[in-house]
Amino acid sequence: MSDCADLPVLECEVPKEGLKLDLVLRPREQKDGEPQYWPLFNADNPEEHFGNMRFNIRKGGVATLKITLDLSEVSGRDLEFVRYRQNHKLDGIIALSPDFRHQFRARAKEVDGDFTKLVIKIADKELIPDNFSFLWMCVDAETGMHFVSGDPYAVVSPLP
């Protein structure tokens, strides 16, 4: 299985006017206890996929990622993004870095009764480079079993 570090990086310059991207996240079944790495695919070009993200953000710019779950590799599973009932600002992910919350918001959206869309907004509010790391987190609606992907080591850098 490929590690996210071995895959291309989704690197974007985010203008002051903002940037919107449509992406696809494809969960995989765990095999032999190995860590899971779920690449992101470009919704308009499924051959283009990424393991990590790096955003260079101009002051005031916001990157908006619209992520759709593709369950084709976990057939028979009714997966959806985890929703946090208390605070929906970090749905679908587990933050691993301390300054994550000030610039990153993730909210699961319902489609046909399941939370299979995730809208993420990323801003650089403090105008300093930040590494932000997280895990993707989904749940099987029938069994309650969690599915977690590896850490993509995302980076946010301010632009002058």
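Residues numbered from 1 in each chain as written. Predicted model: local features only at pLDDT ≥ 70, side-chain atom pairs only at ≥ 80, totals over all residues. Heavy atoms only, no water.

Of all the seven residues making up strand E12 (residues 134–140), seven are buried; the element is thus mostly covered by neighbouring parts of the structure. Neither face of E12 is exposed, since Phe-134, Trp-136, Cys-138 and Asp-140 on one face and Leu-135, Met-137 and Val-139 on the opposite face are all buried. One ladder, built from three bridges, connects strand E7 (residues 79–81) with E12; its direction is antiparallel. Note that in E12 the partner of Glu-80 across the bridge is Val-139. (Buried < 20%, exposed > 50% of the residue type's maximum accessible area, 1.4 Å probe, protein only. Helix = DSSP H or I, 4+ residues; strand = E, 2+ residues; numbered from the N terminus. Pairing = 2+ DSSP bridges.)

Our next topic: a positive patch on the surface. Among the surface-exposed residues, Lys-20, Lys-66, Lys-89, Arg-107, Lys-109, Lys-117, Lys-121 and Lys-125 lie close enough to one another that they form a single positively charged patch. Of all the elements in the fold, those that place two or more residues in the positive patch are strand E9 (104–111) and strand E10 (114–123). Within the secondary structure layout, Lys-125 lies in the loop between E10 and strand E11 (130–132). For Lys-125, a relative accessible area of 57% puts it in the exposed group. (Patch = residues over 30% accessible without salt bridge, like charges linked within 9 Å, V, L, I, M, F, W, Y side chains within 5 Å. Areas by Shrake-Rupley, 256 points an atom, 1.4 Å probe, with all protein chains shown as cover. Salt bridge = Lys/Arg side-chain N within 4 Å of Asp/Glu carboxyl O. Lys, Arg positive; Asp, Glu negative; His and termini not counted. Charge placed at Lys NZ, Arg CZ, Asp CG, Glu CD.)

The next point concerns the nonpolar core. A general feature of soluble globular proteins is that nonpolar side chains tend to end up buried together. Formed by 33 residues in total, the largest nonpolar core has its most connected members in Phe-55, Leu-65, Ile-67, Phe-104, Ile-120, Ile-122 and Trp-136. Within the residue set of this core, elements represented by two or more residues are strand E1 (9–14), strand E2 (19–25), strand E5 (52–58), strand E6 (62–69), E7, E9, E10 and E12. (Core = buried A, V, L, I, M, F, W, Y, C linked by side-chain atoms within 4.5 Å.)

What follows covers the packing of aromatic side chains. Tallied over the full model, the rule gives two aromatic pairs. With 5.5 Å between their ring centres and 45° between their planes, Phe-104 and Phe-134 make a pair best called tilted. In this pair, Phe-104 sits in strand E9 while Phe-134 sits in strand E12, placing the two residues 30 residues apart along the sequence. One exposure class covers both Phe-104 and Phe-134, and it is buried. Ring centres of Phe-134 and Trp-136 lie 5.0 Å apart, and the angle between their planes is 85°; this geometry places the pair in the edge-to-face category. Considered together, Phe-134 and Trp-136 belong to a single accessibility category, that of buried residues. (Phe/Tyr/Trp six-rings, centres within 6.5 Å; stacked < 30°, edge-to-face > 60°.)

Here the focus is the side chain of Asp-140. Tracing the backbone through its elements, the reader meets Asp-140 in strand E12. Within the local environment of Asp-140, its side chain forms a polar contact with the backbone nitrogen of Thr-143, the two atoms lying 3.3 Å apart. Discounting residues that sit within four places of it in the chain, Asp-140 has contacts with Arg-77, Asp-78, Leu-79, Met-145 and Phe-147. (Polar contact = N/O pair within 3.5 Å; in protein donor to acceptor, adjacent residues only side chain to side chain. Contact = heavy atoms within 4.5 Å.)

For the rest of this paragraph, the subject is the environment of Val-9. With respect to the helices and strands, Val-9 occurs in strand E1. For Val-9, a relative accessible area of 31% translates into the label partly exposed. For the pair formed by Val-9 and Gly-51, sequence separation is 42 residues and the distance between their alpha carbons is 6.0 Å. In contact with Val-9, other than residues within four places in its own chain, are Phe-50, Asn-52, Met-53 and Arg-54.

To continue, consider the pairing of E2. For E2 and E6, the ladder comprises seven bridges, and the chain directions are parallel. Across the sheet, the residue bridging to Asp-22 is Lys-66, located in E6. The pairing of E2 with strand E3 (residues 40–42) spans three bridges and is classified as antiparallel. Residue Leu-25 lies in a different strand from E3, and its bridge partner there is Leu-40.

Paired through their backbone hydrogen bonds, the strands of a sheet run either parallel or antiparallel. Across the sheet, which stays open at both edges, the six strands sit in the order E4-E3-E2-E6-E10-E9 with mixed pairing between neighbours. A strand with exactly one partner marks an edge of an open sheet, and here the two such strands are strand E4 (45–50) and E9. Ignoring strand direction, the axes of neighbouring strands in this sheet form an average angle of 35°. In this structure, E6 lies alongside E10, joined through seven bridges in antiparallel fashion. Within the sheet, the bridge partner assigned to Lys-66 lies in E10 and is Val-119. (Axes fitted to C-alpha atoms, helices over the stretch in contact; angles between N-to-C directions.)

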